[in-house]
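# Secondary and tertiary structure notes
Residue-level listing of the chains:
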Amino acid sequence: MQTISVQEVRKALAQEGALFPVALSRRVAGATLKIPVPFIGALYLVSNAQTAHQVLTKHGETTRKAQLLVNVLRSSFGNGIFTSDGAFWKRQRKLMQPTFHHGSLAQYAERMVAHACDMAARWQDRAEVDIDAEMHDLTFGIVLDALFSYQTAYEAEQIRRAMQNLSAGIAAQGRFALLTFLPDWTPLPIFARKRRGVAVVKRLIGQMVAARRAQPTAQRPHDLLTALLEARDSATGETMDDAQVYDELMTLYIAGHETTAVLMGWVWAMLAQNPQAEATLHAELDAVLGGRAPTAADLPQLTYTQRVIKETLRLYPSAWFVMREVTEPFMLEDERVPKGAIIMMLPVATHRDPQYFAEPDAFMPERWQGDFEQRLPRGAYYPFGMGARVCIGNGFAMMEAQLLLATLAQHFRVQFREPPQPTRAIGTLGFAHPVRVRLLRRAVR
Ligand code: HEM
């Protein structure tokens, strides 16, 4: 274990953005780094696969979600499964798990493809767009549809504006660490905006939940809202009350679109920078789909498409860090970590460790052939986290990314003005600036 200063880390983040752990970890050959931090005590940065695996699995019971992060997220996530802990989290996770089983997910495939087809129909050859904003719009529409089966553009617009206010508050807290310590009632304009967003979203969702409860079961649309209302603990028969349904809906909304949007942004960047991979992808899409829209049944044939996504998540994991707070001291490698210490696992660094990935900075989707993934040591690749708190939307996200890419890349290529830069903020691994691109229509062969 080595010690570095908080100033050094801050400088690296400012210079290199969210990819800073890659160079930092290489400089110390993957050693765990300890950062003495005023007020918090110690913060540990972990890029070693085995250590990260241990923290997230073996020490699951002696750690919890870092309260620093929970402070920022609680006003929107409430006590949903992303931020809750202990017995309450366990109960909620058990209740919600069946909703995300493989068999339950296929029903969302058609809607995902319909949203992507709408986008492809809107896109014009040689038009310039901000691809990050386009991908946000797309995954935003999909998550709203999956959650609430939104029917009218008016309703979608109202909730979109409110969510934007809320997200601006969260984003500001990601940029200025000091704001993470302040409660949401702080009289600053950015908090006022966040509060305004929360209030409107609460009202809109409250109305939807009430309307849905009033509907006879057989007439309820098949979406996540219905699934949450009808989720029942098999042992106790317990269901969720309105407040809990609200918190889980917000959790799924926030956890469920930003991550996939930034993933798709990087997928386009990787394809533009790697013409050989792009050509292989096009060949697969033309052979399997021949110009028609994909369905869930095509997914097993779209193997290269899936590898493109896995490889992008390796180089640019949307969740580039996973944070825990120690609740009972334990040994982290050769050091006893005290209660209250924060451990930040860095998949973004581990995913580029040359021990596990030859040519770690190269985009090589073909590396995922055969049993490559099964042969990787535990903790070497975890874009969706590990252990009991692994992403519940993993299957949803992979299916979505595969279907969106298959639909859009059949008909369009994306040309970047310049390589996009990763964000300088703490949050998802998005972009530092809007990413302007030119859309180029391609003919299916
Ligand atoms: C590319 C897309 C996605 C990535 C990279 C991603 C990544 C992650 C990661 C790393 C975690 C673990 C966090 C931790 O341990 O602290 C997580 C948790 C979670 N994710 Fe995702 N996620 C994605 C998409 C989704 C989607 C589409 C949904 C919902 C529809 C979702 C819902 C959740 C929820 C609810 C949790 C908390 C689970 C729990 O603590 O029990 N995610 N995600």
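See the structure above.
Reading the values: rules and limits
- Residues numbered from 1 in each chain as written.
- Predicted model: local features only at pLDDT ≥ 70, side-chain atom pairs only at ≥ 80, totals over all residues.
- Pairing = 2+ DSSP bridges.
- Helix = DSSP H or I, 4+ residues; strand = E, 2+ residues; numbered from the N terminus.
- Core = buried A, V, L, I, M, F, W, Y, C linked by C-beta atoms within 7 Å.
- Buried ≥ 20, exposed ≤ 12 C-beta atoms within 10 Å, placed from the backbone.
- Contact = placed C-beta atoms within 7 Å.
- Axes fitted to C-alpha atoms, helices over the stretch in contact; angles between N-to-C directions.
- Parallel < 35°, antiparallel > 145°, perpendicular 65-115°, else oblique.
- Nonpolar A, V, L, I, M, F, W, Y, C, P; charged D, E, K, R; others polar.
- Near = placed C-beta within 6 Å.
- Expected span 1.5 Å × (residues − 1).
- Left-handed = near helix turned anticlockwise from the far one by under 90°.

### A look at the pairing of strand β11 (residues 436–441)
- Relative to β11, strand β5 (residues 128–130) runs antiparallel, the two being bridged by three bridges. Each residue of the ladder has a partner; that of Val-129, found in β11, is Val-437.

### Focus: the nonpolar core
- Of all hydrophobic cores here, the largest spans 109 residues; its most connected members are Leu-147, Leu-249 and Met-345.
- Broken down by element, the residue count for this core peaks at 11 residues, all from helix α17 (residues 394–411).
- Excluding anything up to four places from it in sequence, Met-345 contacts Val-46, Ala-52, Val-55, Leu-56, Phe-321 and Val-322.

### Observations concerning the packing of helix α12 (residues 258–273) against helix α14 (residues 303–315)
- At a minimum axis separation of 9 Å, α12 and α14 run at an interaxial angle of 105°. Considered as vectors, α12 and α14 are oriented roughly perpendicular to each other. Where α12 approaches α14, its residues Leu-263, Trp-266, Val-267 and Met-270 are matched on the opposing element by Val-308, Ile-309, Thr-312 and Leu-313.
- Per-class residue counts for the contact of α12 with α14 are seven nonpolar, one polar and no charged.

### Thoughts on the site of the ligand
- Residues in contact with the ligand amount to 22 residues; listed here are only the nearest, Gly-256, Thr-259, Gly-385, Cys-391 and Gly-393.
- Every element with two or more residues in the shell around the ligand is listed here: α11 (242–255), α12 and α17.
- Grouping the amino acids of the shell around the ligand by side-chain chemistry returns 13 nonpolar, seven polar and two charged.

### Brief notes about α12
- Helix length check: α12, at 16 residues, gives a terminal C-alpha distance of 23 Å against a target of 22 Å (1.5 Å per residue), a fit within 8%.
- Among the 16 residues in α12, 13 count as buried, and that is most of the element.

### Concerning the environment of Gln-15
- Take Gln-15: it is sitting in helix α1 (residues 6–16).
- With 409 residues separating them along the chain, Gln-15 and Arg-424 place their C-alpha atoms 7.9 Å apart.

### Focus on the sheet that holds strand β10 (residues 412–416)
- The three strands are arranged β5-β11-β10 in an open sheet whose pairing can be described as antiparallel. Each edge of the sheet is formed by a strand with only one pairing partner; in this case those strands are β5 and β10. The sheet shows a mean angle of 40° between the axes of neighbouring strands, taken without regard to direction.

### Overview of the pairing of strand β9 (residues 342–345)
- The two faces of β9 match: Ile-342 and Met-344 on one face and Ile-343 and Met-345 on the other face are all buried.
- Relative to β9, strand β6 (residues 322–326) is paired through four bridges, and the arrangement is antiparallel. Its bridge partner lying in β9, Glu-325 is registered against Ile-342.

### Quick notes on the packing of α14 against α17
- With their axes 10 Å apart at the nearest point, α14 and α17 run at an angle of 115° to one another. In the crossing of α14 with α17, the sense of the turn from one axis to the other is right-handed. Facing Thr-305, Gln-306, Val-308 and Ile-309 of α14, the residues of α17 in contact are Met-398, Ala-401, Gln-402, Leu-405 and Ala-406.
- Class assignment of the residues belonging to the contact of α14 with α17 gives a composition of six nonpolar, three polar and no charged.

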